[in-house]
Each structure stands twice: as C-alpha cells, then as structure tokens.
Amino acid sequence: MSFTPEQEAQLLDLLAVNNKTISDLESSPTITGDMLTPVETGSGTFAASINNLKNFIATPATTTTQGISYLLPNRNILINGAMAIDQRNSGASQTITAGSALAYTVDRWYAYCTGANATGQRVAGTAPNAFNYRFTGTSSITKIGFAQRIEASNCQHLAGKTATLSVDLANSLLTTITWTARYANTTDTFGTLASPTRTQIATGTFTVNSTLTRYATPIAIPAGATTGIEIEFSVGAQTSGTWTIGRAQLEDSPEQTTFEYRPIQQELSLCERYFEWLSSGIIGAFNSNTSYAYWAYKTKKRGTPTFTSGSGSQFASTYTINDTHTIVQISNNYTLIAGNSYVSAEL
C-alpha cells in the first residue's frame, strides 16, 4: 500500500474495530493527492480524505453500500452545533433588534435581522435533538440571519478541500433557506455587519417545509481560505410563523456523516474559549490600602477579551485583562462584581 506508516496504522485500526482484515478488501487502497480510494468486498468503491477515514469499512463486508465509522471524534468544526449551550440566556427568549449590530444567542451563534425585530430562543427538541434554536417572525421582517464565525486555527486545514455542511431545518412559513460560506480577509477579522471584511466562498439554498428535516451540501473551500470561515443560514420575509435550526455540522469530508454529539462539559469548555461569566460577590473591603481582586478564567480565551461589568458592580476603574485572567483594582472601598459581569472574546 502507498501509505505512510501513520496512515497505514489508521487504516488497520479501522479494520480491526470493524472485525475486518486487509484480506477483506478486493484490492489495496490507493492514494491520489490527498484522497484515499478503498475497494470494498462486493465491488463498492468509496473515496474519502486521508485525514478523515470516518466513512470507511463500517458496514458488513457482504454489502456494497459504504457505511459510516464513528471512530473519529471532534469532526464537527462548528461549536455548539446542537444548540445545547446557552450561557447568555439560559433558554429565555431574546429580542433581535432590526438594523443593530450582531447579537449573540446560544453560544458561538449570532443573529441579526432587518425590517423589524425578531424573537429568538433555544427550545426543547424531540429526540435526537435535545435542543433547537427558533426564530419567531413578525410583520415587516425582511431578513433574519443566523451564523457562526470559526477561528482560523480550527478551520485552516479545510483550505483546498471539499467540506460538507449539514443541518436540521424547518420553517412554518417559508420554503427557502439560504446558506452562505465566507472567509475572513485577514486572520480572525470578519468586520461588522455594516462594514464586513470577508469574502464569499459559496452560497446556495435548501427547500424546506414545516417538518424538521436534515439537509446537506458540499462546499469547495478555496486554498486561500486559511483566515477563518463564517457559516450563515438566512431567510427572507419571515413575517409570521417560526424558523427552527438544529444539529449544524461542518466537517472535513466530501460526504455527509451523522451528527457528532460531544459530551456537554467538553462543549461548554469549547464555548468558554469565547465567552464566560464572572463569579459574583464582595471581593474585599479596604480603608486606606490598595489591593486587587483576581479572577482566573475556567478556560483560556482565544485572545484578550473585553470585560463587561454587570449592573450593580462597584470597583475602581483600573483593571488588567488578558487571555487567562482579569485583575480589578480595589482602592479605599469595597468592590462588588455582579453576577452578570462577563468577558467575551467572540470573533
């Protein structure tokens, strides 16, 4: 086989887990560029990325339909695709204000709208969807967008490859939902809604109905898209009814695989790289000496975040902030950090 030792080991591991050996293949797999082409007993052929062998050798050797391997974790490049983490709202509804800056909703996902305000909320789903995100339309809405910006370090390996985007969608009013992929013009800098600094990769539509259904599309990622990727779903005049989104996935594969469910604590940690609440309480009381309060983050941030104090917070204006901690100066009085204080390193 024309494999590196590491690639050969991956292949043999996949065979072993599925109770197969190399002799179960009609011929040895071959490599063309970065594509692996195995030949399965029964003359079924399948091509897959060498770095994503997840679609190889998972069905019984007597079948000709290629199955799915569940061996490779963290294949979903989107964070919180299951809409399970909602640090900002804890499942409460929020108003998306028309014409305003993007508004973060469930973790890592932002929304915007034009024409009139929309309401968004994480809602309980039906198995296998524990949660979905849902917009409720109102008269005069002309567009609603729902998007995630992916950090360059998490997606630059897609450059020059075909990725697959899949998602659960339903709409009680509209039958067309648009998807758009873009890359940042400079690393991790996408600009604002009013002044974006990004380049479109591709766009397309899904034809939907009121029943939550899974849709997928391949996306050819250009070689220059190494600076961060944005995935957006959008609808037009959602003047009534609801639009539901769930189980969004972007993966390094030319083929769709099943949605990846990560442990909830792992998903929360991934989200906290970009947003985290600070603890509340009186930190200290001093009469004449200057001291400092220190908060170490649960998760290191992607860069220096912004610090936003909650209503009722009392502290000196001097503080130090970086990607691991915040230090607040306490001088001649007490400092209280309200529970709605937070740090954000969103893209």
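Residues numbered from 1 in each chain as written. Predicted model: local features only at pLDDT ≥ 70, side-chain atom pairs only at ≥ 80, totals over all residues. Heavy atoms only, no water.

Section: unusual backbone geometry
Here the residue pair Ala127 and Pro128 is connected by a cis peptide bond, since its omega of 15 degrees sits within 30 degrees of zero. Counting through the fold element by element, Pro128 comes out in the loop between strand S8 (118–124) and strand S9 (131–136). Of note in the backbone geometry, Arg108 takes a positive phi value of approximately 75 degrees without being a glycine. Structurally, Arg108 can be placed in the loop between strand S6 (103–104) and strand S7 (110–114). A relative accessible area of 1% places Arg108 in the buried class. (Helix = DSSP H or I, 4+ residues; strand = E, 2+ residues; numbered from the N terminus. Buried < 20%, exposed > 50% of the residue type's maximum accessible area, 1.4 Å probe, protein only.)

Focus on the layout of surface pockets
The volume enclosed by the largest pocket comes to roughly 230 Å³. Asn74, Asn76, Ile77, Asn154 and Leu270 are the residues nearest the centre of the largest pocket, which is lined by 15 residues in total. For the lining of the largest pocket, the elements supplying multiple residues, two or more each, are helix H2 (152–155) and helix H3 (264–272). A class-by-class count of the residues in the lining of the largest pocket yields four nonpolar, six polar and five charged. (1 Å grid on protein atoms, 1.4 Å probe; cavity = no way out; pocket = protein on both sides within 12 Å on 5 of 7 lines; lining within 4 Å. Points joined across faces, edges and corners; volume = space filled by probe spheres on them. Nonpolar A, V, L, I, M, F, W, Y, C, P; charged D, E, K, R; others polar.)

Brief notes about the confidence of the model for the chain
The predicted coordinates of low-pLDDT regions are not to be read in fine detail. Looking at the chain as a whole, its pLDDT mean stands at 82, while 71% of the residues score no less than 70. Contacts for the low-pLDDT stretch residues 39–71, under 50 throughout, to residues beyond four places or in other chains number 102 contacts. (pLDDT = per-residue confidence, 0-100. Contact = heavy atoms within 4.5 Å.)

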